[in-house]
Amino acid sequence: MVWRNGSAVFSYAGGIAHRGHAVAVTERSRFAVASITKMPVAIAALRLVERGLVAMNQPLFDVLPEAQRTKAMTREHTLHHLLSHTSGLANYHDDADPTPASFVAALDKVGSMHLRRPADMLPLFSDLDARRPPGETYEYADANFILAGLVLEAVTGHPWDEVVAGEVFGPAGMSDTGVQSIDADPERLAVGYLTDDGPPERWRTNYFSVTANGMPDGGMITTAPDLARLIDALLDGRLLSPTLLDAMTSPQGPVSSDLEQYGYGCELVVENGKVTIIGHGGGDPGVSAMLSHHRAAATTIVVLCNQDRGSWAATKRIAEQFGLHEPRE
């Protein structure tokens, strides 16, 4: 989908949403979007900051219950470090592995069917040593947003997904978006398929390769229009104050000349010191998704796939066809 001025200017749906029942993907199909979930989680956290329920530089020790502090956490660690991936804390899977193998192996330590709340994920990384001191460098780690979800729960007394729904999905008009257990048979879900098992007729679903319930680091179920509405609501100032919006969409790591940088729950393309694209990608077993907003053209591209790959190739092609500058390889 290509979205401009509050509506779609191009939309295409194809493929199969459920192979067993021969259900086709339509424009109303809902997809799991993996790490794109980090954007609304960060927005929810920043809204709580704005209301004074938590501070960006408040020690996590003062926020999280003792049982939810990891072994490597110190009084230097803050919400800022979690949302910007600068905590230096270890991840729960091997980020150097380009395949889903390490991710699935990590879940198998507990059993994916038992992973339904953020606290259920703690045994996967709570005893690991830190990789480096907080603030030293940007290093993407899903575990940061598991902890961010626990912060939302600690300061509100409500489940993280209810907080995000109230703080973000509702105000942004994302009526087709939510966090649901995969075994609850979510309505209109495009089931995820693992594509490395041979020909399509042998592809397996991802039911046993992702957490039973979506997590703060990835797992909401949504549609292309709802993700475009998220960007609109964010940039229109309906979710954050100008100061926090600028912080979210500006590099938050140490000074860098890298093309791709990170704000708060937001992937950035930075060219000549200027942020030209904001958004987030998402990848899980059976999931490939891309959300990109081109600021100069005020245009959002959303590509959602219920298989392991495809979103980035489609995003590049769509940008090219619409004359949008896309410098990422």
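The coordinates are above.
Let me sum up the structure you'll find in this document. All figures in this text were calculated on a predicted structure; none of them were measured in a lab.

Tracing the backbone shows Val-41 in helix 1 (residues 38-50). Val-41 sits in the buried class, given a relative accessible area of 1%. Taking the C-alpha atoms as reference points, Val-41 and Asp-217, separated by 176 residues in sequence, lie 8.2 Å from one another. Apart from residues lying up to four places away in sequence, Val-41 is in contact with Phe-145, Ala-148, Leu-152, Trp-160, Val-164 and Pro-216.

Leu-83 and Tyr-92 are the most contacted members of the largest nonpolar core, which has 80 residues in total. Residue contributions to this core peak at nine residues, all from helix 1. Setting aside residues no more than four positions away along its own chain, Tyr-92 makes contact with Phe-103, Ala-106, Leu-107, Met-121, Leu-124, Phe-125, Asp-142, Ala-143, Ile-146 and Asp-217. Grouped together as the second largest cluster of nonpolar side chains are seven residues, Val-2, Ile-301, Cys-305 and Leu-324 included.

What follows deals with the pattern of salt bridges. For the structure on display, the rule yields 16 salt bridges. Note that Asp-236 is salt-bridged to Arg-238, the shortest N-O span being 3.4 Å. Look at Asp-236 and you get exposed, because its relative accessible area is 54%. What you see here is one network of salt bridges that share partners, running through Arg-131, Arg-132, Glu-136 and Glu-139.

Bringing the packing of helix 4 (residues 142-156) against helix 5 (residues 160-169) into the picture now. Packed helix pairs are characterised by how far apart their axes lie and by the angle those axes make with each other. Their axes nearest at 8 Å, the elements helix 4 and helix 5 cross at an angle of 80°. If you check the angle between helix 4 and helix 5, you find them roughly perpendicular. Within the contact between the two elements, helix 4 uses Gly-149, Leu-152, Glu-153 and Thr-156 and helix 5 uses Trp-160, Val-163 and Val-164. Its residues placed into classes, the contact of helix 4 with helix 5 shows four nonpolar, two polar and one charged.

The seven strands lie next to each other as 2-1-13-12-11-10-9, forming an open sheet whose pairing is antiparallel. Each of the sheet's edge strands pairs with one partner strand only, and the pair in question is strand 2 (7-10) and strand 9 (260-262). On average, each strand axis in the sheet is tilted by 30° relative to the strand beside it, whichever way the strands run. Relative to strand 11 (residues 274-284), strand 10 (residues 267-271) is paired through five bridges, and the arrangement is antiparallel. From the neighbouring strand, Val-269 faces strand 11, where its bridge partner is Ile-277. Of the strands in this sheet, strand 1 (2-4), strand 11, strand 12 (287-294) and strand 13 (299-305) are in contact with helix 6 (residues 224-235), which crosses strand 13 at around 145°.

Rules and cut-offs
- Residues numbered from 1 in each chain as written.
- Predicted model: local features only at pLDDT ≥ 70, side-chain atom pairs only at ≥ 80, totals over all residues.
- Heavy atoms only, no water.
- Helix = DSSP H or I, 4+ residues; strand = E, 2+ residues; numbered from the N terminus.
- Buried < 20%, exposed > 50% of the residue type's maximum accessible area, 1.4 Å probe, protein only.
- Contact = heavy atoms within 4.5 Å.
- Core = buried A, V, L, I, M, F, W, Y, C linked by side-chain atoms within 4.5 Å.
- Salt bridge = Lys/Arg side-chain N within 4 Å of Asp/Glu carboxyl O.
- Axes fitted to C-alpha atoms, helices over the stretch in contact; angles between N-to-C directions.
- Parallel < 35°, antiparallel > 145°, perpendicular 65-115°, else oblique.
- Nonpolar A, V, L, I, M, F, W, Y, C, P; charged D, E, K, R; others polar.
- Pairing = 2+ DSSP bridges.

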